[in-house]
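Observations on chain architecture
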Amino acid sequence: MCGIVGYISKDEKASSILLDAVKKLEYRGYDSVGIATINNGKIELRKDSGKIDEVDREIHFVDMAGSAGVAHVRWATHGHPNKTNSHPHTDNNNTIAIVHNGIIENHEELKKELIEEGHIFKSKTDSEVIAHLIEKFISEGFNFQNAVLETFKLIKGSNAIGAISVNSPNELIAIRHESPLVVGLGKNGNFIASDVPAFLKHTKRVIFPEDNELVIMNSDNVTIKDLNGNILNKKVETIDWDEEMAQKEGYDHFMLKEINEQSVVVSDTLAGGKDIENIVSELGNIKRICFVACGTSYHGALTGKYIFESFLNIPTDVIYSSEFKYFNNVLDEDMLAIFVSQSGETADTLSAIKMAKNHSKTLAIVNVLGSSITREADHIIYTKAGPEIAVAATKTYLSQLVSIYLLAIYLSKNRSNVFHENMVSQIEKVPDYINQLMLDEDQIKEIAKKYKSASVFFFLGRGFIYPTALEGALKLKEITYIHAEGYPSGELKHGPLALIDEDVVVVVLAPSENSNSISINSYNDTVNNMEEVKSRGAQIIAITSYKNGENINVNDIFKVDNQVDELLSPLVYIVPLQLLSYYISIYKGLDPDKPRNLAKCVTVK
Ligand code: AGP
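Time to look at the environment of Ile-286. Its place among the elements puts Ile-286 in the loop between helix 8 (273-283) and strand 15 (288-293). Residue Ile-286 is classed as buried on the basis of its relative accessible area of 3%. In this structure the C-alpha to C-alpha distance between Ile-286 and Met-335, which are 49 residues apart in sequence, comes to 5.7 Å. In this structure Ile-286 touches Asp-334, Leu-336, Lys-361, Leu-411 and Arg-415, once residues within four positions along its chain are discounted.

To continue, consider the sheet that holds strand 17 (residues 335-341). A sheet is described by the order of its strands in space; here five strands give the open sequence 16-15-17-18-19, paired in parallel fashion. Where the open sheet ends on each side, the last strands, each with one partner, are strand 16 (316-320) and strand 19 (379-382). Between one strand axis and the next, the sheet turns by 20 degrees as a mean value, whatever way the strands run. Judged from the five bridges that link them, strand 15 and strand 16 form a sheet pairing that is parallel. Pairing of Ile-289 across the sheet is with Thr-316, part of strand 16.

Extensive coverage of helix 1 (residues 14-24) is indicated by the burial of eight of its 11 residues. By the burial criterion, the buried members of helix 1 are Ala-14, Ser-15, Ile-17, Leu-18, Leu-19, Ala-21, Val-22 and Lys-24. Residues of helix 1 that are buried sit in contact with strand 1 (3-9), strand 2 (32-39), helix 2 (52-59), strand 4 (68-74) and strand 10 (189-193).

What follows concerns the site of the ligand. For the ligand, the set of nearby residues contains 14 residues, the closest of which are Ser-297, Ser-341, Gln-342, Ser-343 and Thr-346. One of the side-chain nitrogen or oxygen atoms of Ser-297 is found 2.6 Å away from an oxygen atom of the ligand. Taking Thr-346, its side chain carries an N or O atom lying 2.5 Å from an oxygen atom of the ligand. Contact with the protein chains covers 91% of the free accessible surface of the ligand, which is 410 Å². Looking at the shell around the ligand residue by residue, the class counts come to five nonpolar, seven polar and two charged.

The rules behind the values
Residues numbered from 1 in each chain as written. Predicted model: local features only at pLDDT ≥ 70, side-chain atom pairs only at ≥ 80, totals over all residues. Heavy atoms only, no water. Helix = DSSP H or I, 4+ residues; strand = E, 2+ residues; numbered from the N terminus. Buried < 20%, exposed > 50% of the residue type's maximum accessible area, 1.4 Å probe, protein only. Contact = heavy atoms within 4.5 Å. Pairing = 2+ DSSP bridges. Axes fitted to C-alpha atoms, helices over the stretch in contact; angles between N-to-C directions. Near = heavy atom within 4 Å. Polar contact = N/O pair within 3.5 Å; in protein donor to acceptor, adjacent residues only side chain to side chain. Areas by Shrake-Rupley, 256 points an atom, 1.4 Å probe, with all protein chains shown as cover. Nonpolar A, V, L, I, M, F, W, Y, C, P; charged D, E, K, R; others polar.

In structure tokens:
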């Protein structure tokens, strides 16, 4: 996955604006970076492998002149991360520069034909064929925009492209198929980007091109055409995110800022409850639910299974998006298929929703307005988390969870089920619970310092809190590179207990039982499971709200001092786990915002 940006203005220097924009997309890839501008009738190109700031220190992007350009951050798929493979790519004569996000599935055959026709390739990427194809079509008499169009018709796969040409210096052309692309309408010029934060500083007015739509822009106008060249009338939308939301605002890292924003995110998501209630009223009869998601979103979905099955008696499956195609025969019109995705662009989830639509009712729970998955869904719940920049999802996870709880609550109300009673007012207390927890951040720091050199962690939870254990383990793996596994507390004795010794750290999530008639009282069983690992020498960190939790036999304890219902505990217990991973990453000297090998949004299968 990569990030692309383009900017064209009358007289503004494009390079500084592109550099700033591409930094906002660094979460999409940080192997390499590059910018190309049109300067005095020539393409000026600077690029290299490495993080943006490191590369910029060497090659000074802002020294590049020109008022139109394209920029790219790369997460390598074809070709190692090095200078030659970095984007932008150019044609034989350096008259065209392109940036590309996606995979050209038929690049090998296209490249072979182009080489036979005399084109000389510099890189090992699939993307470079785009520049050569545009060059070829221009040489055959096509104008720039039609050359891009013809090129696009030849390539297969999920792709978003931005292109500039010295033959058409006042035009920036872009096109997409299944890879994200958004147009920003600025005061002094116009933008294309993979995601809105790239240009949020300059404009909130956007157009979302659909698949197979060609974007032609100059500094004053944007025209969108279909593949037959017909001009389309596109809606201009206004994004309700602020620029500050995409800034660190004094925090050392986006991840810490985003963890700190969670109490507000829960309140904001609750405030959107009416929209969810309206969607529920349109859903009609539902006999089964199937959640489909990846990574952190999958853990949110798995929590949904506990909620929907335990309290609404709706049979609920949860399937990894990449596995969905092996199970899609179960789709029918009585099923609600729910696709959970922060980015709304994850390739596997996008393919899955395309398979499910027209067979089942589809609902997308997504954070990014206008993203590809939302365009496929019958119904959309937008989570109210604002832009999330750190690669590791935190606040979007919590807003997904709140959305799923609200969905269950309103479905239950519709079915006159008791589950909904008092639940909204209980969730309304969660922001205070989170704020309270954040006051104890120092305690988590101490625990993180103590265990930062451990090489194996297990995270255990039972019932509703089990998916939270999985998410705690994922966070730790992602940003600290420590091996971590999440398990149902009762499952360890069926094999993994063989791995337990004094070098292993076990984080046990033990929400207390409470008086609520629908609570499920897993605490005592969890304490028994904790004893099993303790007696094999493991070091235990307990996270518990149990009133006598101090008396349990553990190495460290983080007391959750509130009366959160066990049923709602996933909304609270994830916070100390996020902080634990964050601080271990810091004490190990790592960058939690940009974990190695990972990208925020995975647009390849
Ligand atoms: C979360 O910390 C990860 N970055 C990753 O697991 C992520 O949740 C997954 O790739 C799914 O992304 P999505 O929610 O944007 O679909």
